[in-house]
Amino acid sequence: MAQVLVVTSGKGGVGKTTSTAALGAALARDGQRVVVVDFDVGLRNLDLVMGAERRVVYDLIYVVQGAVRLSQALIRDKRIETLFLLAASQTRDKESLSDEGVSRVIGELRQTFDWVICDSPAGIERGATLAMRHADLAVVVTNPEVSSVRDSDRIIGLLDSTTEKAKRGERMEKHLLLTRYDPVRAGRGEMLGVDHVLDILSIPLLGIIPESQEVLHASNMGSPVTLSNPTSAPARAYSDAARRLKGEHVPMMVPSDRSTLLNKLFGRRAA
Amino acid sequence: MRLVDIFARRRSAKFAQQRLQILLMHERTAGTQSDLIPILREEVLAVIGRHVTVDPDKVRVKLERGDDVSMLEIDIEVPTPLGRNAAFVRSAEIPVHAAGRGPI
């Protein structure tokens, strides 16, 4: 029943944590029970993006090592009651995450939640492979830029070879989330277009998130963009992607912030 | 000049796509054995270098992986002692009297 989803990319800074928070919040707002799990041990940031940095007492490593119960480490979101966070440790190193311990914790989370969303660290080292190991499906976050596309291709290879699902001979479900997309520049041929990236990576498209100031604003405020400004272009794009994850058919489009332009015309400050 | 610049900018996405396609075709076929090519290159260079002076930049190792058979291609450019046109030693078919200091 529960779906374990890994948000991964290979390259850093493409929007894994932003996407984890935004998709998690969108799914939880629709009534799903969601936990977002930060696997970036030593460089945790999901707590900050979720606005829960001051509420972290116990983290993933405490639970993996059996020092505390899972319920003691789960942080319930203040805005949506079906949304939870399991933070990464900031001080311990990632070697403290044992394979058996992670496997047990993911198993326990499956019992409680509809969605277990694992925010992968950048790179292809142990932290990244551990985050994807137990996943049922993967969201590959990619920017329309050569280095990001290349790293995504590498990550797709790892998803098809190192995960438990791949080792059982099953097909790993992978979805492309194209972030920081500028339809105007892509239309002018200055930026890799959706078709270019899909042609190269050959995995189904989950959503196109337009480049937007709202994303920085949301992280400044410690709120997933789908909650901080649900009508903004990136929030609508993430909400559509979340509905597609649930199996709904939503026409693919790139939302734009037209209302923001109108606000500017009328001399009001965009929220 | 300015117009040319703008035109070039507007084709850069296509250029990026082509570069990625070529690169990834290579990386996907090399797979997990991506170290194989540089290792082969070094070792082949060491063996040939014992008998012939070879410019390291003139050695190309290529591995094309097919479904049934893979093709390993090694191109080594060997200078001739008399300064004539450089001889081209290809693949495993290295002739006994390849141009060089003497019999290999």
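Residues numbered from 1 in each chain as written. Chains lettered and ligands numbered in written order. Predicted model: local features only at pLDDT ≥ 70, side-chain atom pairs only at ≥ 80, totals over all residues.

**Here we look at the overall build of chain A**
If you tally the helices and strands in chain A, you get 14 helices and eight strands. Taking 271 residues into account, the globule formula puts the C-alpha radius of gyration at 18 Å, and chain A, at 18 Å, falls close to it. Each of the three principal axes of chain A carries a C-alpha extent, and together these read 55 × 40 × 35 Å. Scored against the burial criterion, the 271 residues of chain A give a buried share of 51%. Relative to all contacts within chain A whose residues are 6 or more apart in sequence, the contacts with residues 24 or more apart total 74%. (Helix = DSSP H or I, 4+ residues; strand = E, 2+ residues; numbered from the N terminus. Rg over C-alpha atoms; globule rule 2.2 N^0.38 Å. Buried ≥ 20, exposed ≤ 12 C-beta atoms within 10 Å, placed from the backbone. Contact = placed C-beta atoms within 7 Å.)

**Some thoughts on the sheet that holds strand E6 (residues 137–142) of chain A**
All names here are of chain A. The mixed open sheet is built from eight strands, whose spatial order is E3-E4-E2-E5-E1-E6-E7-E8. In this open sheet, the two strands that pair with only one neighbour each are strand E3 (75–76) and strand E8 (205–210). As paired elements, strand E7 (residues 173–181) and E8 share four bridges and run parallel to each other. Note on E8: the bridge partner recorded for Leu177 is Gly207. With respect to the sheet, helix H6 (residues 126–133) is in contact with strand E1 (3–8), strand E5 (115–119) and E6, its orientation differing from that of E1 by roughly 150°. Here helix H7 (residues 146–159) sits on the sheet in contact with E1, E6 and E7, set at roughly 165° to E6. (Pairing = 2+ DSSP bridges. Axes fitted to C-alpha atoms, helices over the stretch in contact; angles between N-to-C directions.)

**A word on the packing of helix H1 (residues 16–29) of chain A against helix H13 (residues 233–245) of chain A**
All names here are of chain A. In contact at an axis separation of 9 Å, H1 and H13 are set at 65° when each is read in the N-to-C sense. Here H13 runs roughly perpendicular to H1, going by the angle between their axes. In the packing of H1 onto H13, the handedness of the crossing is right-handed. Between H1 and H13, the residues in contact are Ala22, Leu23, Ala26 and Leu27 and Tyr238, Ser239, Ala241, Ala242 and Leu245, respectively. A breakdown of the residues in the contact of H1 with H13 according to their chemical character gives eight nonpolar, one polar and no charged. (Parallel < 35°, antiparallel > 145°, perpendicular 65-115°, else oblique. Left-handed = near helix turned anticlockwise from the far one by under 90°. Nonpolar A, V, L, I, M, F, W, Y, C, P; charged D, E, K, R; others polar.)

**Some points on the confidence of the model for chain A**
When pLDDT is averaged along chain A, the result is 92; 94% of the residues meet or exceed 70. Note on residues 267–271 of chain A: pLDDT under 50 across the span, and five contacts to partners over four residues away in sequence or across chains. (pLDDT = per-residue confidence, 0-100.)

**Regarding the interface of chain A and chain B**
In this assembly, 13 residues from chain A lie in contact with 13 residues from chain B. Every element with two or more residues in the side of chain A that touches chain B is listed here: H7 and helix H10 (194–201) of chain A. The leading source of residues in the side of chain A that touches chain B is H7(A), at four residues.

**Some points on the nonpolar core**
Within the largest apolar cluster, 84 residues are counted, with the highest numbers of intra-cluster contacts made by Leu5(A), Val34(A), Val116(A), Ile117(A), Cys118(A) and Tyr238(A). Not counting residues up to four positions away in its chain, the partners in contact with Val34(A) are Gly24(A), Leu27(A), Ala28(A), Thr82(A), Leu83(A), Phe84(A), Phe113(A), Asp114(A), Trp115(A) and Ile117(A). Among the nonpolar cores identified, the runner-up in size contains five residues, and Ile48(B), Val54(B), Val59(B) and Ile76(B) belong to it. (Core = buried A, V, L, I, M, F, W, Y, C linked by C-beta atoms within 7 Å.)

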